[in-house]
Amino acid sequence: MVVTSRDEVSASHKPDYDRASELKAFDDTKAGVKGLVDAGVTEIPRIFYHPPENLDNTSATAATGDTQFSIPVIDLQGIDKDVIKRREIVERVREASEIWGFFQVVNHGIHVSVLEEMKEGVRRFHEEDSEVKKEFYTRDHMRPVVYNSNFDLYSGPATNWRDSFSCIMAPNSPKPEDLPASCRDILAEYSKQVMNLGILLFELLSEALGLNPNHLNDIDCYEGLAVLCHYYPACPQPELTLGTSKHADNDFLTILLQDHIGGLQVLFQGKWIDIPPEPGALVVNIGDLLQLITNDRFKSVEHRVLANRVGPRVSVASFFFTALQPSSKLYGPIKELLSQDNPPKYRETTVRDYVAYFNEKGLDGTSALLHFRL
């Protein structure tokens with residue numbers, strides 16, 4: 001069945017084909033979406049069709065040109081030297097975290113050469129010989145490096161036009177020889193610098209909550225770091241699929257490096273807002289776990305990535321959490337933020353239990369936080 005328009009996409013969601021076997025056949029190639037593109041596909045396979053209601057790609061920014069629909073860009077220059085400047089930055093971080101759940105940072109201390117080399121390293125990995133990449137292809141999330149297409153391939157309602165590899169870089173980083181040779185050195189260097197930036201951002205977020213600057217770091221929000229390296233090949237039918245479905249992140253905080261192509265959108269007041277690439281900037285967003293421990297003060301906001309005829313698009317998402325690593329530490333709403341008028345809205349959970357629930361649910365368009373609400 002060849003689908004040529006959005007109106008025909010609905011038909012592809014009827015059980016007139018064996019989706020499970022097509023998913024397995026795709027998975028068994030271990031070549032991902034890049035393999036399809038290399039094979040010269042001009043029509044995307046049915047597993048990638050999304051329902052029409054998920055494919056409205058109009059952006060309020062593009063449609064109206066209205067700059068009120070653009071996420072804040074926060075300049076961190078001089079943050080450690082000027083008390084007044086720091087107070088202003090904290091206030092901007094607070095506002096962005098409460099209203100948008102997203103902001104961009106510039107003058108963040110990571111040199112542009114490191115950012116560029118990190119993007120190049122991701123591109124090198126995804127574009128090297130498929131036989132080399134197959135060594136890393138797995139659905140075992142406990143492996144040092146996990147390369148596959150769609151972590152929720154078998155549980156998500158629709159497949160996304162994206163390949164990814166990820167690795168846990170903290171608290172215990174992999175042995176250098178376990179990392180792909182194509183990006184081994186830059187992955188270690190970038191992770192170290194992003195970790196430092198994360199520690200600073202958690203200080204600012206603590207201050208924005210009226211807490212001691214070390215509060216979020218003292219409860220180990222910065223302890224774990226997973227680096228997810230995404231590759232979105234050019235798509236012959238971008239109107240039928242997505243690069244990443246609508247979702248919120250299952251961590252405390254995400255720092256995203258994106259290339260020049262764009263396609264990232266955030267859902268704000270019911271409208272999709274573009275987050276255009278800013279040279280040298282990093283995108284920061286609040287994760288579900290930070291919304292949980294701040295008792296909804298900070299917002300973990302849904303976002304997505306559009307598919308595009310232009311590509312490949314490369315991005316690197318650094319997730320601050322310990323993922324599925326064993327841990328008995330419980331996280332619930334921070335006691336200092338609670339009162340008679342603001343009782344806890346969530347039950348306590350371990351990071352591992354939250355992430356396991358999120359992964360099992362897949363990117364189905366609903367919030368994992370609902371499962372933990374009191």
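Residues numbered from 1 in each chain as written. Predicted model: local features only at pLDDT ≥ 70, side-chain atom pairs only at ≥ 80, totals over all residues. Heavy atoms only, no water.

Engineer: Can you help me understand the pattern of salt bridges in this one?
Structural biologist: It is possible for side chains of opposite charge to pair when their charged atoms get near one another. As enumerated under the stated definition, the model contains 21 salt bridges in all. Between R123 and E120 there is a salt bridge whose closest N-O contact spans 2.5 Å. Pair noted here: R123 and E120 are both in helix α6 (residues 112–127), with a separation of three residues, about one helical turn. Residue classification places R123 among the buried residues on the basis of a relative accessible area of 17%. For R373, the salt bridge identified is with D296, shortest N-O distance 3.1 Å. Highlighted residues: R373 in the segment after α11 (351–361) and D296 in the loop between α10 (288–293) and β11 (303–306), separated in sequence by 77 residues. Each of the salt bridges in this network shares a partner with another, and the network as a whole consists of D80, R86, E203 and E207. (Salt bridge = Lys/Arg side-chain N within 4 Å of Asp/Glu carboxyl O. Helix = DSSP H or I, 4+ residues; strand = E, 2+ residues; numbered from the N terminus. Buried < 20%, exposed > 50% of the residue type's maximum accessible area, 1.4 Å probe, protein only.)

Engineer: Is there a simple way to explain the side chain of T322 in this structure?
Structural biologist: Looking at where T322 falls in the secondary structure, it is placed in the loop between β12 (313–320) and α11. In this structure T322 touches P171, E223, G224 and V351, once residues within four positions along its chain are discounted. (Contact = heavy atoms within 4.5 Å.)

Engineer: In this structure, what is going on with the packing of aromatic side chains? I would like to understand it.
Structural biologist: Two numbers describe a pair of aromatic rings. These are the distance of the centres and the angle of the planes. Under the defined criterion, the tally for this structure stands at 13 aromatic pairs. Measuring from centroid to centroid gives 5.5 Å for F26 and F48, while their planes differ by 85°, and the two rings are edge-to-face. Taken together, the residues F26 in helix α2 (residues 19–29) and F48 in the loop between α3 (32–38) and α4 (60–64) connect sequence positions 22 residues apart. On the basis of relative accessibility, which here comes to 6%, the residue F26 falls in the buried class. A residue is classified by how much of its surface remains accessible, and F48, at 0% relative accessible area, is buried. Here the aromatic rings of W100 and F268 are separated by 3.8 Å at their centres, their planes lie at 10°, and the arrangement is stacked. Taken together, the residues span a long stretch of sequence, with W100 in the loop between α5 (83–99) and β2 (102–106) and F268 in strand β8 (residues 264–268) at a distance of 168 residues. With a relative accessible area of 10%, F268 lands in the buried category. Connected via pairs of aromatic rings, a cluster forms that spans F125, F136, Y137, Y147 and F165. In this structure, R304 packs its charged tip against the face of W272, placed 4.1 Å from the ring centre. (Phe/Tyr/Trp six-rings, centres within 6.5 Å; stacked < 30°, edge-to-face > 60°. Lys NZ or Arg CZ within 6 Å of the ring centre and 35° of its normal.)

Engineer: So what exactly am I meant to see when it comes to the environment of K335 here?
Structural biologist: Locating K335 in the fold gives a position in the loop between β12 and α11. You can call K335 exposed: its relative accessible area is 60%. C-alpha of K335 to C-alpha of T294: the two residues are 41 residues apart in sequence and 9.3 Å apart in space.

Engineer: Would you explain the sheet that holds strand β9 (residues 271–274) in this entry?
Structural biologist: Sheet strands pair via backbone hydrogen bonds, and the direction of the pair is either parallel or antiparallel. Across the sheet, four strands lie side by side as β6-β11-β8-β9; this open sheet has antiparallel pairing. Across the chains shown, the open sheet's two edge strands, defined by having one partner strand only, are β6 (242–247) and β9. Sheet twist, expressed as the average angle between the axes of neighbouring strands with direction ignored, equals 30°. Of the strand pairs in this sheet, β8 and β11 are connected by three bridges, and their pairing is antiparallel. If you follow L264 over to β11, its bridge partner there is V305. (Pairing = 2+ DSSP bridges. Axes fitted to C-alpha atoms, helices over the stretch in contact; angles between N-to-C directions.)

Engineer: Where do I start with α5 in this structure?
Structural biologist: For an α-helix, 3.6 residues make a turn, and residues three or four places apart therefore share a direction. Taking 1.5 Å as the rise per residue, α5 with 17 residues should run 24 Å; its terminal C-alpha atoms sit 24 Å apart, in good agreement. For α5, the complete set of buried residues consists of R86, I89, V90, V93, A96 and S97. Here the buried residues of α5 occupy an arc of 130° about the axis, which is enough to place them on one side. Exposed positions of α5 whose direction lies more than 90 degrees from the buried face are I84 and R87. (Expected span 1.5 Å × (residues − 1). Arc of directions from axis to C-beta.)

Engineer: What is the right way to read the packing of α6 against helix α8 (residues 184–208) from this model?
Structural biologist: Describing two packed helices takes the angle between their axes plus the distance from one axis to the other. At a minimum axis separation of 10 Å, α6 and α8 run at an interaxial angle of 135°. Between α6 and α8, the angle is such that the two are oblique. α8 is crossed by α6, and the crossing has left-handed handedness. Here α6 contributes V114, L115, E117, M118 and G121 to the contact with α8, which in turn contributes I186, L187, Y190 and Q193. (Parallel < 35°, antiparallel > 145°, perpendicular 65-115°, else oblique. Left-handed = near helix turned anticlockwise from the far one by under 90°.)

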